[in-house]
Amino acid sequence: MLRNLLQAVTATCLLCLPGLSQATLSIPLAYLKLETESAPVLSNILPEPEDAGLQGVQLAISDSNTTGRFLKHEYRLESAAADSVAALITQAQSWLEEGIHYFVLDMPAAGLREFAAHFADEPVLLFNAGSRDTGLRSRDCPANTLHTRPSDAMLADALGQWYVSRKQKNWFLISGSRAQDNGFADALRRTAKRYGITLVADKAWTFDTDLRRTAAQEMPAFTRADDYDAVVVADVAGDFGEYVLHNTWLPRPVAGTQGLMPLAWHRSVEQWGAAQLQKRFEEQAGRWMNSADYAAWAAVRSVAEAVTRTNSAEPGGVLDYLMSDDFELAGFKGRKLSYRRWNGQLRQPVPLVHPRALVAQAPLDGFLHPETELDTLGLEQRESDCALFVR
Amino acid sequence: MTISPRLTVSAASLALALLAPAAQAQTAWVSNEKDNTISVIDLETMEVTDTLEVGKRPRGIIFNKDKSLLYICASDSDTVQVMDVETRKIIADLPSGEDPEQFALHPNDRFLYIANEDDALATVVDVKTGEVVKQIDVGVEPEGMAVSPDGKLAVNTSETTNMVHWIDVEKQELIDNTLVGQRPRHAEFTADGTKLWVSAEIGGTVSVIDVATRQVEHELDFHIRGMQPDRIQPVGIQITGDGKTAFVALGPSNHVAVVDTASMEVKDYLLVGRRVWHMAFTEDEKMLLTTNGISGDVSVINVPELRVEKSIKVGRFPWGIRVR
């Protein structure tokens, strides 16, 4: 099933300026979302908004058109959601024939691989705004694909930096059994190794008790160990993880997918002008901006920044600009963002938050890197087989 | 009517007598963004002598020509407040459009050009009638505002659009746009009005624009030994009246760059408080004061010797600063 999420948004030239006589440059983009059946979870209080991602793209289109009207650049958005990758490929193929070259994708790693493989030899630029899968950035390296969503490795490193800076280097790791949980747990293990953090336990949560009623009995026994500084949880869907807090054997903080969370974006980020972005977003969407929205927003803003600076909408030129030293994106995180040439990952700070406040923003002071401190988060070039855009 | 020499003399002494109050110590006025207050610093004793309650989230502040009034952007109150400097009371609220952040006063002492950060608008307010003269569409997140010394041009920078927008004051219309670095914050004309300096916070650069052609003619980079380049984030700019030296506040790098404008080279970096934001000279330009957002203080720079001499604790998140 394929459905259009919205009619094409056509921005009019609000302000046709004297002295700018060139024809309007049109930049069409598309947003494609794979609708996945979300697995049932124990805690069903806060479901992911259905329009997560789409709202981010829409805001970026509107921000870019405000700039575009001064330059006669007009950004248009098409979008579609479907429950099969094949349907999205068919839709994208027909949009490509109509002249759309930029696709913002919100789908799990497997879908993204299939989609990117289909368009490997086409003049397209794909943005992965949905998947955190580390393999996409280290082994698979899908062609023509940039990643605006931070990888699991980046998120885990952000958490690692926090605990290293607090000298709390003993973790009790609990992971769920779904693929995404495994991915994040692997990233946490990599971080632990990298930063000399000891995993005093590394346990899988496989029980099927309804923890809403029994957490107080089950969780203390499950987290019994001599000592640890924190319980680190890999439960992306929010199944059992919500019940770890305050139920651990030792009174210790919880971090990871619950408790202290490393995220691409959160409502509590308000420094560096982020308050303005949050306000614009809330006005448009009627809800808070989340990580999926942010990654989708950053994808469109990257294209728009390249078009603004090069005055061309041709994908090859845009990609060249994005990979050049000239490209920098103001992403409301206090540092300029740029892409890693080897795997197309957008470098970015990672906020560490709890539900109502920002705790810290990685990279933290003291974590140094010869290129940029942002490269202390996630895979180094030598850890990745990719050499996608290395010239 | 003829004027006798004696009368001339007495007129002169009368003028001197009138000037006498001005000879009292200068004061620096600082807006504290997170305290909803203005701190008043006596520049003789270097102490805060008064803390004044104002509207919510005060940011840009500016005096009128004779410095009898202080205009205050109370961002979260969505208004520009007018304070009588003598009585230190708010005497009026001007319409400002939503979320006023920075503004500039036209040399005619009447038109305030206000950047409305949330609305992609610049609002022009007549302070005499208290009415909005015009609202002009600009880029996303308008921030910096300046009016040329001859009063013919107003400029605005927009942080997400990354442009300088040029407004013809007579027509109150936008006439041109110049692309600059990422997240342009502050715009400052040289005293002779030939150049416009614009800081780009995330770009890490300052663009020097030729006002006649509206083209960027020079781009300044900053390098501080041992400092990651992304922490160098230019915001406030102040240029000496003779145009020879420019000071650039470099945000979270906690330094102020001193630029020789003839060679366009940075000749020094001065360590000040944390996250240095805006700056103001004393009238004789012997001192330059900086607001340091995170450390919550004001640093005092000795300008002839390029030395930081003192820091003065003010409120939380000091933002704007003006001297009278």
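All figures in this text were calculated on a predicted structure; none of them were measured in a lab.

Peer 1: So what exactly am I meant to see when it comes to the overall build of chain A here?
Peer 2: Helix and strand content of chain A: 10 helices and 15 strands. Over its C-alpha trace chain A gives a radius of gyration of 21 Å, about what one expects of a compact globule, namely 21 Å for 391 residues. Scored against the burial criterion, the 391 residues of chain A give a buried share of 52%. For chain A, long-range pairs separated by at least 24 residues make up 70% of all intrachain contacts whose partners lie at least 6 apart in sequence.

Peer 1: I'm lost on the domain arrangement of chain A in this one. Help?
Peer 2: Reports often express the size of an interface as the amount of accessible area lost when the parts come together. All names here are of chain A. According to the domain assignment, chain A consists of domain 1 (2-150 + 266-383) and domain 2 (153-262). For domain 1 versus domain 2, the separation of C-alpha centres amounts to 29 Å. Contacts between domain 1 and domain 2 engage 23 residues on the former and 24 residues on the latter. Counting residues per element, the ones that place at least two in the side of domain 1 that touches domain 2 are β14 (350-354) and β15 (357-362).

Peer 1: Got a minute to help me understand helix α10 (residues 315-322) of chain A in this structure?
Peer 2: Residue and element names in this part refer to chain A. Restricting attention to buried positions, one finds in α10 the residues Val318, Leu319 and Leu322. In a view along the axis of α10, the buried residues occupy a sector of 100°, so they form one face of it. Structurally, α10 contributes buried residues whose contacts are with β5 (125-128) and α9 (291-310).

Peer 1: Just to check I follow, could you spell out the environment of A:Val200 for this structure?
Peer 2: Residue and element names in this part refer to chain A. With respect to the helices, strands and loops of the structure, Val200 is situated in strand β8 (residues 198-204). Counting along the chain gives 27 residues from Val200 to Leu173, while the straight-line C-alpha distance between them is 7.9 Å. Those residues in contact with Val200, other than ones at most four positions away along the chain, are Asn170, Trp171, Phe172, Ala225 and Tyr228.

Peer 1: Would you take a moment to explain the sheet that holds strand β16 (residues 184-189) of chain B for this structure?
Peer 2: Two modes of strand pairing occur in sheets, parallel and antiparallel, and in both the strands are linked by backbone hydrogen bonds. Residue and element names in this part refer to chain B. Spatial ordering of the open sheet is given by β16-β17-β18-β19, a layout of 4 strands whose pairing is antiparallel. One side of each edge strand has no neighbouring strand; the edge strands of this open sheet are β16 and β19 (215-221). Neighbour to neighbour, the strand axes of the sheet diverge by 20° on average, direction disregarded.

Peer 1: Sorry, what's going on with the interface of chain A and chain B here?
Peer 2: Taken together, the 17 residues of chain A in the interface contact 20 residues of chain B. Only α1 (54-71) and α8 (274-285) of chain A provide two or more residues apiece to the side of chain A that touches chain B. Sorting elements by how many residues they give to the side of chain A that touches chain B places α1(A) first, with 4 residues.

Peer 1: When you look at the packing of α1(A) against α8(A) in this model, what are you seeing that I'm missing?
Peer 2: To describe two helices that pack against each other, one gives the angle between their axes and the distance between the axes. All names here are of chain A. Orientation of α1 relative to α8, taken along the N-to-C sense of each, is 115°, at an axis distance of 10 Å. Between α1 and α8, the interaxial angle falls into the category roughly perpendicular. The element α1 and its partner α8 pack so that their crossing is right-handed. The residues of α8 that touch α1, namely those facing Gln55, Gln58 and Leu59, are Arg280, Phe281, Gln284 and Ala285.

Peer 1: Looking at this structure, I do not really get the packing of α9(A) against α10(A). What am I missing?
Peer 2: Residue and element names in this part refer to chain A. Packing of α9 against α10 brings their axes to within 9 Å, and their N-to-C directions diverge by 100°. Viewed along their axes, α9 and α10 adopt a mutual orientation that is roughly perpendicular. Here α9 contributes Ser302, Val303, Ala306, Val307, Arg309 and Thr310 to the contact with α10, which in turn contributes Gly317, Val318, Tyr321 and Leu322.

Peer 1: Got a minute to help me understand the pairing of strand β6 (residues 79-84) of chain B in this structure?
Peer 2: Regular strands place their side chains on alternate faces of the sheet. Residue and element names in this part refer to chain B. Direction of pairing for strand β5 (residues 69-74) relative to β6: antiparallel, over a ladder of 6 bridges. What sits directly across from Leu70, in β6, is Met83. Between β5 and β6, which pair antiparallel one after the other, the connecting turn spans 4 residues, and Asp78 there sits at a positive phi close to 50°. Of the pairings in the sheet, the one linking β6 to strand β7 (residues 89-95) comprises 6 bridges and is antiparallel in character. Bridged to Asp84 within β7 is Lys89. The antiparallel pairing of β6 with β7 creates a hairpin that spans 4 residues between the two strands, and Arg88 there sits at a positive phi of about 60°.

Peer 1: Teacher, can you tell me more about the nonpolar core here?
Peer 2: Soluble globular proteins tend to pack their nonpolar side chains together in the buried interior. Among the nonpolar cores identified, the biggest contains 148 residues, and A:Val104, A:Val300 and B:Tyr113 are the most heavily contacted of them. When residues in this core are grouped by element, the largest group, 12 residues, is from α9(A). Core analysis: the second largest hydrophobic core is formed by 42 residues, A:Leu173, A:Ala185, A:Leu188 and A:Ala362 among them.

Peer 1: Where do I start with the sheet that holds strand β26 (residues 297-302) of chain B in this structure?
Peer 2: Residues and elements named next belong to chain B. On the basis of which strands lie adjacent, the open sheet formed by 4 strands has the order β24-β25-β26-β27 and antiparallel pairing. At either margin of the open sheet sits one strand with a lone partner, and together these are β24 (276-281) and β27 (307-313). Taken over all neighbouring pairs, the strand axes of this sheet differ in orientation by 25° on average, direction set aside. Across 4 bridges, β24 lies against strand β25 (residues 287-292) in antiparallel orientation. If you follow Phe281 over to β25, its bridge partner there is Leu288.

Rules of the game
Residues numbered from 1 in each chain as written. Chains lettered and ligands numbered in written order. Predicted model: local features only at pLDDT ≥ 70, side-chain atom pairs only at ≥ 80, totals over all residues. Helix = DSSP H or I, 4+ residues; strand = E, 2+ residues; numbered from the N terminus. Rg over C-alpha atoms; globule rule 2.2 N^0.38 Å. Buried ≥ 20, exposed ≤ 12 C-beta atoms within 10 Å, placed from the backbone. Contact = placed C-beta atoms within 7 Å. Domains from an automatic or database assignment. Arc of directions from axis to C-beta. Pairing = 2+ DSSP bridges. Axes fitted to C-alpha atoms, helices over the stretch in contact; angles between N-to-C directions. Parallel < 35°, antiparallel > 145°, perpendicular 65-115°, else oblique. Left-handed = near helix turned anticlockwise from the far one by under 90°. Core = buried A, V, L, I, M, F, W, Y, C linked by C-beta atoms within 7 Å.

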